[in-house]
Every structure is written in structure tokens, then in C-alpha cells.
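Coordinates in review
Listed here are the chains, written in short residue letters.
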Amino acid sequence: MAEYGAHLTSAATVDEDRPSFFEVLAQESLMSTLRPALKHIVRVLAETNPQHFGWTFRYAEELYTFIDLVLQHHFLRTTSASFAENFYGLKRVPTKLGESLDTASGLPHKEHIKSLLLLVIVPYLKLKLDALFERWQQQFWDQPARVGSTKERIQKIFLTIYPFLHLTWEGVILVYQLRYLFQKSNRHSPFLYMAGVKLKYLSKEDILKQQHPVEADASFENQEFMQQVTRYLQKGVGALAIGISQGLSLGVFFLQFLEWWYMSESYQTQVAVTSLPVPDPPKNGEREEVIGEEPSESSASVCALCNKQRTNDTALSTSGYVFCYPCIFSHIKSHKRCPVTGYPSETSHLIKLYPPS
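First, a word on scope: everything that follows refers to the structure included in this document. (Residues numbered from 1 in each chain as written. Predicted model: local features only at pLDDT ≥ 70, side-chain atom pairs only at ≥ 80, totals over all residues. Heavy atoms only, no water.)

1. Some thoughts on the packing of aromatic side chains
Evaluated as defined, the whole model comprises 10 aromatic pairs. Centre to centre, the rings of F133 and Y162 are 5.5 Å apart; their planes meet at 35°, and the pair counts as tilted. With F133 in helix α6 (residues 109-142) and Y162 in helix α7 (residues 150-181), this pair connects stretches of sequence that are 29 residues apart. Overall, F133 belongs to the buried group, its relative accessible area being 11%. Residue Y162 is classed as buried on the basis of its relative accessible area of 6%. Joined through ring pairs, the aromatic side chains of F75, F83, F87 and Y88 make up one cluster. Directly above the ring of Y180 sits R18, whose terminal nitrogen or CZ lies 3.8 Å from the centroid. (Phe/Tyr/Trp six-rings, centres within 6.5 Å; stacked < 30°, edge-to-face > 60°. Helix = DSSP H or I, 4+ residues; strand = E, 2+ residues; numbered from the N terminus. Buried < 20%, exposed > 50% of the residue type's maximum accessible area, 1.4 Å probe, protein only. Lys NZ or Arg CZ within 6 Å of the ring centre and 35° of its normal.)

And the structure:
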């Protein structure tokens with residue numbers, strides 16, 4: 001078993017240029033870690049100065065996608081690799097061209113466009129679909145089941161089909177990773193297959209060419225106006241991408257600390273919730289209970305906020321009281337405390353209750 005485990009960690013048993021399974025997973029996890037880090041920075045800016053930076057939190061995903069697009073375009077054009085792949089010393093090689101590609105000149109146009117779409121646009125669309133599914137599912141739970149309009153029928157079809165599409169998405173990725181792990185495939189992701197590329201290690205020649213790129217010989221006087229504008233734009237985008245990559249390269253070493261900080265903060269929140277005193281039971285007013293009489297169901301199932309029959313029961317973990325989900329969600333969002341006990345609360349403390357039937 002130990003020999004087999006050592007065999008899995010070795011990348012040079014079959015192909016010396018083939019990255020190990022852990023290296024390809026590490027470069028993928030790098031970008032997935034940068035997204036929540038950027039969102040945290042944007043949230044801090046929005047909370048510090050909401051008048052000027054409040055919009056950045058609303059469009060945090062679009063802001064990250066734009067930065068990612070600029071970054072990936074620059075690295076694909078200059079290193080034939082994404083930012084994370086270049087960070088781990090890897091490069092993309094088109095399967096049709098093989099080793100004849102010069103990494104300093106970037107990927108061919110077709111592979112460049114497909115790689116850019118699969119690295120930036122497809123993950124962005126997937127996140128939007130996940131958010132849309134969560135929002136429509138929440139609306140479906142809050143509202144009673146009904147036939148409704150054409151839009152509601154489309155929502156119901158989407159809520160039925162999307163979990164299977166998500167399962168297929170994750171299943172295909174898992175199959176590719178397992179095949180790569182057991183050296184049955186030279187690609188660890190279906191996106192590499194769709195882009196028509198595979199990953200290899202950077203050679204010494206590739207590193208030297210990236211460190212000392214060859215400048216174009218054509219002077220500005222011999223170029224047309226649009227060519228000069230295009231060249232200036234490319235230089236500007238390149239400088240922006242280099243600045244972002246340098247900042248990310250330095251910040252990536254602090255990401256583990258940030259993850260530990262988030263986990264510690266979450267644990268402290270849980271401890272703070274459990275350390276709160278147990279609230280007094282609800283008062284039934286001056287109504288006197290008659291021995292042998294069943295308690296009134298109307299008073300036990302009335303929301304304390306809207307004073308109506310509860311719908312979509314939701315408990316607040318800081319106090320234990322149960323409310324309508326729309327009522328308590330809006331109240332916690334606005335006041336950050338329990339409406340009955342006054343205990344500090346967040347929307348993460350809401351627990352939806354489901355009937356046994």
C-alpha cells in the first residue's frame with residue numbers, strides 16, 4: 001500500500017513532462033481560493049465606505065470576472081498558460097502542434113479563445129446558474145405550490161432539471177480526475193479536452209524566453225494609427241496584468257492565514273450563539289389554562305412579527321423562537337437582532353423547519 005501511494009505522488013513514472021495529480025489540483029484550487037479572498041476585500045471596502053464602494057459588493061462577481069479575464073488573457077498570450085498554471089511552472093501545449101509551440105509567443109488564436117472562455121466565462125455562468133437556482137428554490141419554498149404563469153412553469157422545470165445537470169457536471173470532472181490519477185488520460189479536466197490542449201512542465205528554454213522576451217522590431221513611424229493604439233492597449237493590459245499577478249503572488253502566501261481566520265471567526269460565532277442565556281418561555285398573557293383543555297393551536301402557530309398564521313416556519317438559533325421566514329429574514333437583515341429577546345443575530349442563524357409529511 002505504501003509503494004502504491006508513493007507511485008501516485010510520482011509524476012515521472014511514465015512521462016517526465018506530465019505534471020503530478022497534486023500539482024494540477026493545487027493550481028486549480030489557487031484560483032478558487034482567490035475568489036472568496038477578493039470578495040472579502042470588496043466587502044470590507046463596501047462596509048467602510050458604502051457611498052463610494054457599495055456598488056463593488058453588488059457586482060463583486062463581475063469585478064472578479066473582469067480581473068480574471070485581463071489576467072488570464074495576458075498569461076495565455078505571453079506564457080501559453082493560465083495565471084495559476086504559470087505560477088506552478090506549467091504550460092498549455094496544443095495537442096495538434098505538440099512540442100513545436102513557443103510559449104513566449106502564446107497559444108494559437110483558436111486555442112487562446114477557447115481557453116479564455118473555459119477559464120473565465122464558463123465558471124462565471126456556472127456561478128450565476130447556481131445563484132439563480134438558490135433564489136428560485138427559495139421563492140418556491142416561500143410560496144404555495146400552484147400552476148401559475150409561463151415564467152413559473154419555466155422556473156419549476158429549471159428547479160427539476162438543474163440538480164441533474166449539476167450532478168453530471170461534477171461527475172464528468174471526477175471521472176477525468178480519476179483517469180488522470182491512474183494515468184489513463186493526459187488531461188485532468190474536460191475543459192482541457194474542449195480547449196484542445198494539455199499541461200506540461202515549463203522547460204528551461206521557456207523560462208529564459210519569458211524572462212527575456214524579444215521586442216518587436218517595427219517602429220511606431222512604420223505602423224498605422226490603429227496598430228499603434230492596439231500596441232498601446234496591449235502594453236497597458238500587460239502592465240495591469242503584471243501588477244495584479246505580482247500582488248496575487250505576494251498575497252497567495254497569506255491565503256492560508258485568511259482561511260484559518262475565517263474558520264476561527266465562524267467557530268467564535270458558534271460559541272457566541274451557544275453561550276447566550278436561554279430565553280424565557282413565551283408568555284401566554286392573562287389567559288388561564290383549563291385542566292384537560294387542549295392548548296389553542298392558533299396562538300402556538302402565530303408569527304410574532306406579522307401576527308398571522310406562520311408560513312414556512314423558521315427558527316432563530318440565538319433565541320429559539322419560530323417565525324415566518326420572510327418576516328424574520330427581513331427583520332434580521334435590517335435590525336441584526338431577535339425581535340423577541342433582542343439577542344444579536346445574523347441571517348446565518350436562521351434554521352428552516354420542515355414538517356414530517
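So much for the structure itself; the text now carries on.
2. Overview of the pairing of strand β3 (residues 313-316)
Examined bridge by bridge, β3 and strand β4 (residues 322-324) share 3 bridges and lie antiparallel to one another. Bridge pairing in β4 places A315 opposite V322. Where β3 folds back onto β4 in an antiparallel hairpin, the turn is made up of 5 residues, including G320, whose phi is positive at roughly 90°. In the sheet, β3 pairs with strand β5 (residues 350-352) via 3 bridges, with the strands oriented antiparallel. Bridging from a neighbouring strand, T314 pairs with K352 of β5. (Pairing = 2+ DSSP bridges.)

3. Quick look at the packing of helix α2 (residues 21-48) against helix α4 (residues 60-79)
Where α2 meets α4, the axes come as close as 10 Å, and the angle between the chain directions of the two elements is 130°. By the angle between their axes, α2 is oblique relative to α4. In terms of crossing hand, the pair formed by α2 and α4 is right-handed. Contacts between α2 and α4 involve M31, L34, R35, L38, K39 and V42 from the former and A60, E61, L63, Y64, I67, D68 and Q72 from the latter. Tallied by class, the residues present in the contact of α2 with α4 amount to 8 nonpolar, 1 polar and 4 charged. (Axes fitted to C-alpha atoms, helices over the stretch in contact; angles between N-to-C directions. Parallel < 35°, antiparallel > 145°, perpendicular 65-115°, else oblique. Left-handed = near helix turned anticlockwise from the far one by under 90°. Contact = heavy atoms within 4.5 Å. Nonpolar A, V, L, I, M, F, W, Y, C, P; charged D, E, K, R; others polar.)

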